[in-house]
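Chain and residue survey
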Amino acid sequence: MQWTWNRGLILVVVAVTWTGAVRAQEQEAEVDNCRVCHSVLDDERLGGPARAFTGDIHAARGLGCADCHGGDRTLAGFEGMDPAKGFVGRPGKLQVATFCGRCHSDAAFMRQFNPSLRVDQVAEYSTSVHGRRLAELGDTAVAVCTSCHPAHAIKPPSDAASSVHPLNVAETCGACHADAEHMAGYQIPTNQLERYRRSVHWAMMTDGGDLSAPTCNDCHGNHGAAPPGFSWVGNVCGQCHSVIADHFAQSRHAKTFALLGNPGCATCHGNHEILRARPELLGLGEGAVCGQCHVAQDAGGTTATTMRGRLDSLRAAYGGADSLLLRAEHAGMEVSQARFELQGALNALVQARAAVHTFNPARVAAYVDEGLDVTAAAHQKGVEALGDLRFRRTGLGVSVTIILALIVGLVIKIRQAER
Amino acid sequence: MEQSGSASGQSRRRFIDWLMSRTLTTWLLSTSAGGLLLAVVYPAGRYLVPPAAGESAATSVTLPFTPDEVAPNEGKIFKFGSRPGILVRTTTGELRAMSAACTHLGCIVQYRPDIHHVWCACHNGHFDLNGRVLQGPPPEPLEVYTVNVREDQIVVSRGS
Amino acid sequence: MVAERGWLKELYEWLDDRLGLAAMGALAKKKDVPVHRHTIWYYLGGMTLFLFVVQIATGILLLFYYRPSSDEAYESVQFLMAEVEFGWLVRSIHHWAANLMIFTLFIHMFSVLWLRAYRAPREVTWFSGAGLLGLALAFGFTGYLLPWNELSYFATRVGTEIVGVVPLAGEFLLRVARGGEDVTGATLTRFYAFHIAVLPATSVALLGVHLFMVQKHGMSVPLDVERQGGAGGTMPFFPNFLLRDLVGWLTALAVLAALAAFFPAELGVKADQFAPAPVGIKPEWYFMFMFQTLKYLPAHILVLEGELVGIFAFAVAGLLLVIVPVLDKRSDRGEGTPLITWLVIAAIIYIIILTYLGYTASPTT
């Protein structure tokens, strides 16, 4: 999710204050008769929208029923809903996009409310799989504006209760895409939501509290929703994972994968269920992905094993130095300088792991060697710090000798006194 | 008392007498008591001498370089406890300090004079000089520290 | 030990005129220690006293660097351990001497109980000793929190919760003990005040009473020794007994130095008030048997809360222990009291088993 909302919110507040003042003047003159009547109607189809509308962002901006549905709010009774006065009842599915677009595609109009809000949603929608099926095939099972932004209860994405809040997007898309019955005619899987919920991205968003972690729309687009396509999935992932995407783009795999029609990053990391990249992912062993194409005998298999070996050696060296320093620290030794320097090894490890995507062992080795130098130095410092314990033991030896001499003296003294 | 006739027996007795003599015991007692006193007073004395670091480095640190050593549009890494920090002098001459451990995977960030902000080489994370994430995978901003300049000392502190 | 030579003699006389050293010397000479097969137990009180003095000395040294606030406590201890020369030694000795002191104190108490040394006219000595035991435990409890690490923080949270189950006043007492609703920086300052001011002052006063009573009544001779015709002989307190005491103290000092050098006091992880409690939090070992007992009690015993019953039982046991000299009239008359012997054995076995379980039982069950 790209956050323009902080800035947007300030402008919205300004806009609300301004429009609120204008509306307040108008409302003194006129009563919204639509809501007066409809909000007391028992029939949920007639009364429900009027009652739900109080929590809608449009209501908060001072808009009323007639601003979308047309008609004349000053007139009580059926004469207010005269089609001659522009009254539109419930728009059909085919009309929804244009219905909303009357305002949302009008930059001049939208500027009064939220100048930073985009006005190309309808145009984008028409390029999406949803919009194209609707326009070209008249498929009314697809999503329209109101499928994701529930009419009369529309909330901005910054509102945690909104259907398009980052934490709710997956659920909103899943309402159709995870419904096997709904998706029956389309021959696409319906397990994306379930698989996404197991991914590192979802974990980052929920457990990590990082709302900028990707959800459906960050890879598929929102209004222009479509599958990213095999040839350019790297661009999508590279939005955030740019170093890795660069490494990969220059590697031989980029070309081979393109030739074979393999989906770039997703070949190894999967798509919806993208798991945390564990060390085991690399190599030919259990849980490793290289073995999908390579065997131990071919050059690729050797490369994978070599790179894995390098990374493991750095990890082990880091772990060893770290626990040694921890031991020294718990013994009350001053090792903060060494621990500070040891962070460099972590740096090298992270860079080496990114360099795996060059599929060039020499590149990985360069980072690993840099890291190993750091761990060796830190390890040396840890050994020296623990060497201080020898000083303590010498001191202990001296003082215990003194105490023993004193005890011997005392014992002799007691013997003398009692002889 | 057992009577011992032989000469060697007598000399042994004399040796034991000498061992048990008051002068030797007094010498042993006073020497070791003095040693013990020293073994207690020395560590206690050294303990009371304030250490070089001066103060516990938990919430603030005095940097090992002077303000003159940081040119405008330059960043320097420093040690804050056992964690890295970065001090940046902006192009306008202001000093800013923040944590240098990237919030993504903990790599050490650096200042990029060409783009005037903080950058992490590991996964291309960008931070502005208020620690906020501009671009890339870091999930959280860098913790910003307070910088105070006292004559030719730079003191960086965390918290309020 | 009057000096013979010139200036020393003069100095002694000058001091004697003003302080009455001769009278004190005479008093010390008069004091005798009975010699029999239980004499060994007489050394434990003195050893506890010696360790208490070590605690005061190292405690004062620690005050030079310690800062009693939740923001700085942990860091100041870390600084003390890492940067200050011999800081590790001072803290480790304070840590180990505290544990050894409680240990010798327990043995001292059980030996007195075993030998019925509390019987008339030494009831007040016993009461003051029981008070000192309570104070020592309070020292341990308040001192444990001061480094403000994760383990001590959560142990204190659990430990203070216990006062909360007291009927009616529980909530109020909990607030007083913690200095607020929860264990926070306010609790730390509170515990600090107790640890370095209230408890030492009270202890010194009570210790004065205890030592004065010991001086007044002399050493108690155990009943069975008395029945067999009294002690075989006596030993002058000064210098014979005191020299032997010194040997014991020096041994304790050597043990302390070795413990400090080989097992320095650890610091652990800084306490985070908002982190979930780690698995396996445990109190200091001398609270372990109570902690473990409370764990084993069912949630409800009849209509009462299990924990409440447990705490009530410990309170009653503690009270009985304090008033033992009043209850035990048979010992005063020189008769045997096998019931008390069995109770002491049972208590020791109970404490050992529960403490053992506390350290070995899985923390998740």
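Every residue gets a number counted from 1 within its own chain, in the order that chain's sequence is written. Ligands are numbered from 1 and chains lettered from A, in the order in which they are written. Given that the model is predicted, a residue must reach a pLDDT of at least 70 before its local features are reported, and side-chain atom pairs must reach 80 or more before they are shown or counted; all residues, however, enter totals for whole chains, interfaces and linings. Only hydrogens and water are removed before side-chain values are computed, so all heavy atoms of the structure are retained for them.

**Quick word on the interface of chain A and chain B**
Note on interface size: it is often stated as the accessible area lost on association of the parts. What counts, and what does not: When checking whether two residues touch, look at their non-hydrogen atoms; a contact exists if any pair is within 4.5 Å. Once two parts are put together, the accessible area they lose, assessed with a 1.4 Å probe and summed over both, is termed the buried area. When a carboxyl oxygen of Asp or Glu is within 4 Å of a side-chain nitrogen of Lys or Arg, the pair counts as a salt bridge. Here a polar contact means two N or O atoms within 3.5 Å. Within protein one must be a hydrogen donor candidate and the other an acceptor candidate, and residues neighboring in sequence count only if both atoms are side-chain atoms. In DSSP terms, a helix is any run of H or I states spanning at least four residues, a strand is any run of E spanning at least two, and both are numbered starting from the N terminus. Asp, Glu, Lys and Arg are counted as charged, while Ala, Val, Leu, Ile, Met, Phe, Trp, Tyr, Cys and Pro are counted as nonpolar; the rest, among them Gly, fall into the polar class.
Counting residues at the interface gives 30 residues for chain A and 29 residues for chain B. For the pair chain A and chain B, the summed buried area comes to about 2,700 Å², and 66% of that belongs to carbon and sulfur atoms. Of all residues in chain A, the largest losses of buried area upon contact with chain B belong to Phe340, Gln343 and Gln416 of chain A, amounting jointly to 23% of the total for that side. Along the contact surface separating chain A from chain B lie zero salt bridges. Applying the counting rule to chain A against chain B returns three residue pairs in polar contact (both at pLDDT 80 or more). Counting only elements with at least two residues in the side of chain A that touches chain B, the list comes to helix H16 (242-249), helix H20 (336-355) and helix H21 (361-418) of chain A. For the side of chain A that touches chain B, the residue count by class is 15 nonpolar, ten polar and five charged.

**A look at the domain arrangement of chain B**
The test is simple: These domain boundaries are the output of an automatic or database domain assignment.
Considered domain by domain, chain B is made up of domain 1 (7-48) and domain 2 (60-157). Its C-alpha centre places domain 1 of chain B at a distance of 62 Å from the equivalent point of domain 2 of chain B.

**A closer look at the nonpolar core**
All names here are of chain C. The following threshold applies: Put simply, a nonpolar core is a bunch of buried Ala, Val, Leu, Ile, Met, Phe, Trp, Tyr and Cys residues held in one set by side-chain atoms that sit within 4.5 Å of each other. We call a residue buried when its accessible area falls under 20% of the maximum for its residue type, exposed when it is over 50%, and partly exposed in between, using a 1.4 Å probe and counting protein chains only.
By size, the foremost hydrophobic cluster in this structure holds 55 residues, and its most contacted members are Leu51, Tyr66, Phe106, Leu113, Trp148, Leu188 and Leu256. Where this core is concerned, the elements lending two or more residues are helix H3 (42-63), helix H4 (73-82), helix H5 (87-114), helix H6 (123-145), helix H7 (150-164), helix H9 (185-217), helix H11 (237-262) and helix H16 (338-360). By residue number, the principal contributor to this core is H5, which donates 13 residues. Those residues in contact with Tyr66, other than ones at most four positions away along the chain, are Ala73, Ser76, Val77, Leu146, Leu188 and Tyr192.

**Focus: the interface of chain C and chain A**
At the junction of the two partners, chain C supplies 21 residues and chain A supplies 18 residues. It is Trp88, Leu243 and Leu250 of chain C in chain C that bury the most area against chain A; as a group they hold 25% of the surface buried on that side. If you look at where chain C meets chain A, you find zero salt bridges. In this assembly, chain C and chain A are joined by zero residue pairs in polar contact (both at pLDDT 80 or more). Mapped by element, the contributors of at least two residues to the side of chain C that touches chain A are H4 and H11 of chain C.

**Concerning the pattern of salt bridges**
Enumeration over the complete set of coordinates arrives at 34 salt bridges over all chains. Two residues, Arg133 of chain A and Asp139 of chain A, come together in a salt bridge whose shortest N-O distance is 2.9 Å. The salt bridge partner of Asp114 of chain B is Arg112 of chain B, with a shortest N-O separation of 2.9 Å. With a relative accessible area of 52%, Asp114 of chain B lands in the exposed category.

**Considerations on the environment of Leu223 of chain C**
Residue and element names in this part refer to chain C. Here Leu223 is to be found in helix H10 (residues 223-227). Distance from Leu223 to Thr337, taken between C-alpha atoms, is 11 Å for residues 114 residues apart in sequence. Excluding residues that lie within four positions of it along the chain, Leu223 makes contacts with Leu115, Arg116, Arg119, Ser331, Gly334 and Glu335.

**Here's the deal with the sheet that holds strand S4 (residues 95-99) of chain B**
What counts here: DSSP-based pairing: two strands are paired if at least 2 bridges between them are found. Axis lines are fitted through C-alpha atoms, for helices just across the contact stretch, and the angle between N-to-C directions can take any value from 0 to 180 degrees.
Pairing is antiparallel in the open sheet, where six strands are placed in the order S1-S10-S9-S4-S3-S2 (chain B). Two strands in the sheet have a free side with no partner beyond their single neighbour: strand S1 (60-62) and strand S2 (74-80) of chain B. Going from strand to strand, the sheet's axes swing by 25° on average, the running direction of each strand aside. The sheet contact formed by S1 of chain B and strand S10 (residues 153-157) of chain B spans three bridges and is antiparallel. The residue of S10 of chain B that forms the bridge with Ser60 of chain B is Ser157 of chain B. Contacts between H20 of chain A and the sheet are confined to S2 and strand S3 (83-89) of chain B, with S2 of chain B contributing the most and set at about 135° to the helix.

**What to know about the confidence of the model for chain A**
Interpretation of this model should avoid reading the predicted coordinates in detail wherever pLDDT is low. The following threshold applies: pLDDT gives the predictor's per-residue confidence on a scale running from 0 to 100.
Considering every residue of chain A, the mean pLDDT works out to 83; 90% of them sit at 70 or more. Contacts from residues 11-16 of chain A, a stretch scored under 50 in pLDDT, to residues over four places away or in other chains number twelve contacts.

**A few points about the pairing of S2 of chain B**
Residues and elements named next belong to chain B. Where S2 lies against S3, seven bridges are found, and the strand directions are antiparallel. What sits directly across from Gly75, in S3, is Val88. What sits between S2 and S3 in their antiparallel hairpin is a turn of two residues, with Gly81 showing a positive phi close to 65°.

**Section: the domain arrangement of chain A**
All names here are of chain A. If you check the domain split of chain A, you get domain 1 (231-275) and domain 2 (299-418). Between the C-alpha centres of domain 1 and domain 2 there is a distance of 39 Å. The interface is formed by seven residues belonging to domain 1 together with six residues belonging to domain 2. For the pair domain 1 and domain 2, the two sides together bury roughly 610 Å², of which 70% comes from carbon and sulfur. Counting the surface domain 1 buries against domain 2, the share from its top three residues, Ile244, His247 and His253, is 64%. Linking domain 1 with domain 2 are zero salt bridges, by the criterion used here. Linking domain 1 to domain 2 there are zero residue pairs in polar contact (both at pLDDT 80 or more). Here the side of domain 1 that touches domain 2 takes four residues from H16, the largest share from any one element.

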